[in-house]
Amino acid sequence: LGSIGKMLVRGLALIILVLPAVSAFAPVSFAGCSGRLSSSLAQRPSGLSLRGGTAAVHMSADDQKIVVKQPDDKEKEMAASWPTWGCGVSKFPWSYEDRESCLVLEGEVTVTPNGGGEPVVIKAGDWAVFPKGMSCTWDVTKAIKKHYNFG
């Protein structure tokens with residue numbers, strides 16, 4: 001195949017792999033994880049990424065900091081209307097194309113930013129904010145469930 005033919009084959013393969021996962025209200029599954037995508041663009045998890053190729057985001061260690069705190073009542077109330085996502089014990093890489101805020105309802109995870117960032121333990125009851133552009137490894141040590149919002 002010529003270069004155009006190869007591009008068409010890659011594009012078709014990407015559509016076949018991605019289309020079922022990004023359809024409105026389609027179940028999402030990854031390494032024992034599950035959730036539902038919303039049909040609303042404001043609620044669609046744009047940080048979920050399936051990528052091929054060599055694009056990379058370069059960030060300093062300070063830009064990759066994960067903020068973890070105890071939520072106030074307003075944050076708890078706001079998060080209650082967000083979609084939920086859950087995942088069993090597992091370990092996997094993750095990249096954020098957008099900022100994510102979440103309220104962990106159950107479980108525990110250690111998130112280690114790529115590029116030398118300090119591992120952060122996030123557990124039930126925590127409010128966490130992940131910066132846009134961060135790549136990391138999630139090590140779920142207790143099955144986790146969270147409300148999440150991108151943007």
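Whatever comes next refers back to the structure up there.
This structure is a prediction, so every number in the text was calculated from the model and none was measured.

A few words on the environment of Thr 141. Mapping Thr 141 onto the fold places it in strand 9 (residues 135-150). Judged by its relative accessible area of 41%, Thr 141 falls in the partly exposed class. For Thr 141 and Thr 110, which are 31 residues apart along the polypeptide, the C-alpha to C-alpha distance reads 7.5 Å. Once you skip the residues sitting within four places of it in the chain, Thr 141 turns out to touch Val 89, Glu 108 and Val 109.

With that settled, the discussion passes to the pattern of salt bridges. As a working rule, side chains carrying opposite charge can pair if their charged atoms are close by. Scanning the entire structure with this criterion turns up 2 salt bridges. We note a salt bridge from Glu 75 to Lys 69, for which the minimum N-O separation is 2.8 Å. Looking at Lys 69, the relative accessible area reads 33%, which means it is partly exposed.

The topology assignment puts Ile 66 in the loop between strand 2 (33-36) and strand 3 (67-69). The exposure class of Ile 66 is buried, given its relative accessible area of 12%. A sequence separation of 45 residues divides Ile 66 from Val 111, and the C-alpha atoms of the two residues are 8.6 Å apart. Those residues in contact with Ile 66, other than ones at most four positions away along the chain, are Val 111, Pro 113, Val 120, Ile 122, Val 129, Phe 130 and Met 134.

About the criteria used
Residues numbered from 1 in each chain as written. Predicted model: local features only at pLDDT ≥ 70, side-chain atom pairs only at ≥ 80, totals over all residues. Heavy atoms only, no water. Helix = DSSP H or I, 4+ residues; strand = E, 2+ residues; numbered from the N terminus. Buried < 20%, exposed > 50% of the residue type's maximum accessible area, 1.4 Å probe, protein only. Contact = heavy atoms within 4.5 Å. Salt bridge = Lys/Arg side-chain N within 4 Å of Asp/Glu carboxyl O.

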